[in-house]
Amino acid sequence: MRVVGGDHPSRSARRLAAVSDEALVAGMAARDEQSAAVFVRRYERRVFGLALAMLGDAALAQDVAQEALVRAWRHAAVFDPARAPVASWLLTIARNLAIDALRLRRSVPLAGDELARLGGGDRESDRALDVALSIPGLHAALAGLPPEQRRALVLAHAYGYTAAEIGRIEQIPLGTAKTRIRSGMAKLRVSMAGEADR
Amino acid sequence: MTADRTAAGGYGCGDAAADLAELALGVLTGEERARAVAHVEVCEACATALTQLGAVADQLLAVHLEADPPPGFERRVLERIGAAGEGASRRGERRRRLRARPVTVATCAAAVVTAVAGFLVGRVWGAPRGAVASAVAPSRSSGLEVAGLRAAGRAVGEVYAHGGPHPWLLVAVDGLPGDSSVTCEVIDEHGRSVVVGSFWLASGRGSWVVSLPPSAGALRSARIAGARGAILASATFRP
Ligand SMILES: [Zn+2]
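Structural notes on the layout of surface pockets
Counted as a void, the largest pocket has a volume near 1,200 Å³. Lining the largest pocket we find 31 residues, and of these Arg83, Ala84 and Thr92 of chain A together with Ala24 and Gly54 of chain B sit closest to its centre. Elements with a minimum of two residues in the lining of the largest pocket: helix 5 (86-105) of chain A together with helix 2 (13-25), helix 3 (30-42) and helix 4 (44-62) of chain B. Looking at side-chain class alone, the lining of the largest pocket contains 16 nonpolar, 7 polar and 8 charged residues.

Quick word on the nonpolar core
One finds Phe39, Val47, Leu69, Trp89, Ile181 and Met185 of chain A together with Leu25 of chain B to be the most contacted residues of the largest nonpolar core, which totals 83 residues. Here the element with the most residues in this core is helix 3 (residues 33-55) of chain A; it accounts for 13 residues. Not counting chain neighbours up to four residues away, the residues in contact with phenylalanine 39 of chain A comprise Leu24, Val25, Met28, Leu69, Ala72, Val86, Trp89 and Leu90 of chain A. One finds Val156, Leu176, Val182 and Leu219 of chain B within the second-largest nonpolar core, a separate group that totals 21 residues.

Focus on the coordination of the zinc ion
Residue and element names in this part refer to chain B. Each protein donor to the zinc ion is listed here as Cys13 (SG), His39 (NE2), Cys43 (SG) and Cys46 (SG); together their distances run 2.1 to 2.3 Å. Taken together, the 4 donor atoms coordinating the zinc ion span angles of 103 to 117° at the metal, a pattern that classifies the geometry as tetrahedral. All donor residues of the zinc ion come from one chain, and their arrangement in sequence is C-x25-H-x3-C-x2-C. You'll find histidine 39 and cysteine 43 in the same group, each marked buried.

Details of the packing of aromatic side chains
Residues and elements named next belong to chain A. Going through the model one piece at a time under the given rule, you end up with 3 aromatic pairs over all chains. Seen from their ring centres, phenylalanine 79 and tryptophan 89 are 4.9 Å apart, and the 50° between their planes marks the pair as tilted. Here phenylalanine 79 is found in the loop between helix 4 (58-74) and helix 5, whereas its partner tryptophan 89 is found in helix 5, with 10 residues between them in sequence. Over the face of the ring belonging to tryptophan 73 we find arginine 31, whose NZ or CZ atom lies 4.3 Å from the ring centre.

Here we look at the packing of helix 3 of chain A against helix 5 of chain A
All names here are of chain A. Orientation of helix 3 relative to helix 5, taken along the N-to-C sense of each, is 35°, at an axis distance of 10 Å. Where helix 3 crosses over helix 5, the two elements pack in a sense that is right-handed. Between helix 3 and helix 5, the residues in contact are Phe39, Tyr43, Arg46, Val47, Leu50, Met54 and Leu55 and Val86, Ala87, Trp89, Leu90, Leu91, Ala94, Arg95, Ala98, Ile99, Ala101, Leu102 and Arg105, respectively. Of the residues that constitute the contact of helix 3 with helix 5, the class distribution is 16 nonpolar, no polar and 3 charged.

Considering the pairing of strand 7 (residues 219-225) of chain B
Residues and elements named next belong to chain B. Most of strand 7 sits inside the fold, with 5 of its 7 residues counted as buried. The pairing of strand 4 (residues 180-188) with strand 7 spans 6 bridges and is classified as antiparallel. Bridge pairing in strand 7 links aspartate 188 to leucine 219. With 5 bridges connecting them, strand 7 and strand 8 (residues 231-236) associate as antiparallel partners. When the sheet's bridge partners are listed, alanine 222 is paired in strand 8 with alanine 235. Counting the residues in the hairpin turn of strand 7 and strand 8 gives 5 residues, including glycine 229, whose phi is positive at 90°.

What counts and how
- Residues numbered from 1 in each chain as written.
- Chains lettered and ligands numbered in written order.
- Predicted model: local features only at pLDDT ≥ 70, side-chain atom pairs only at ≥ 80, totals over all residues.
- Heavy atoms only, no water.
- 1 Å grid on protein atoms, 1.4 Å probe; cavity = no way out; pocket = protein on both sides within 12 Å on 5 of 7 lines; lining within 4 Å.
- Points joined across faces, edges and corners; volume = space filled by probe spheres on them.
- Helix = DSSP H or I, 4+ residues; strand = E, 2+ residues; numbered from the N terminus.
- Nonpolar A, V, L, I, M, F, W, Y, C, P; charged D, E, K, R; others polar.
- Core = buried A, V, L, I, M, F, W, Y, C linked by side-chain atoms within 4.5 Å.
- Buried < 20%, exposed > 50% of the residue type's maximum accessible area, 1.4 Å probe, protein only.
- Contact = heavy atoms within 4.5 Å.
- Donors = N, O, S within 2.8 Å, 3.2 Å for Na, K, Ca; no water.
- Tetrahedral: all angles 85-135°; square planar, octahedral: opposite > 155°, others 65-115°.
- Phe/Tyr/Trp six-rings, centres within 6.5 Å; stacked < 30°, edge-to-face > 60°.
- Lys NZ or Arg CZ within 6 Å of the ring centre and 35° of its normal.
- Axes fitted to C-alpha atoms, helices over the stretch in contact; angles between N-to-C directions.
- Left-handed = near helix turned anticlockwise from the far one by under 90°.
- Pairing = 2+ DSSP bridges.

The structure is reproduced here in structure tokens:
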């Protein structure tokens, strides 16, 4: 059998393949390297996929995904299964690292006069929106929202922009930016709850 | 204790309600974040609301497609955490095996994604102001087309095509049999067929980005062929 993105699992790793996420993280907390190997194989494609979608740059995405998996290993002992599923915990680590990388890459801070010079547009956020809205899953998830809420959520979720930054990008008051994020999230909560009930 | 409405600097449930979505998305910063967190710690109602919004934020993270990391990725991670696992004596063999791997999608994707990013930047630079609005409109107006990938009437993935001067294709396969190499071929509006790349499926799954020749024009369809040229699945953009 061919295992893309990795090596042929050893016999004990193969036994671990059926183990739950929580047990793997517990194994990692106990510094069990086989658990880590299985965990990495199980999650590398999701972590890399998220980083690639957010960053649009395979080399940077690779660094971020690698760092996220290493941090999961280092912080496995503080993982609390009561707070969040393993996947959410790991993907949140990866997202936060990707946002840090994006913030570093935004060499020009979103200063008001800079925006004015550009005639109100902001190339980085335009590009960000363009790329994010080409991310198929995200596109579908946000399809039901009014466009201004969709934009606010993409900027906040996929790019880590704060409400104040979104206000400057969209040239709207801070309160309006906060309301768009809040309303968008509230609508998603209702629609996701509806899907779960079905 | 709930509804700590006016204590601690006058930050109450109303203020929290305005901040919780940002807190759940991880974009609340500094003092605002500290105030919201302090409130949630003492207010059960707001803590519950935050949990629900946190689940929404988690869902948004979960919608992203998987992608194959570049060759050697897993080995590098495991080496960093000291879990290379199979023993030093086997490392040489592993390295050889990694080197011997055919150029995978991830490698192609790296080059293509760069091209895609360049294309998007170029497009936005040259675009009229209204372009941002159209970029968030549904798929067709943003230049992104989607077609279901089907094998013998069964859904086995999706193909996304993006036009413009540097067109690209994203192929997501889930449900073809086995671990094998496949090729992706597109048919343009004139009926010409172009092979755009070959990729590996792992347990019938895989997702890749590939660039298309600029001359490709509007696509009629895309198809996935097996090692011996047999068509395994196809997606139709326009009949
Ligand atoms: Zn409260």
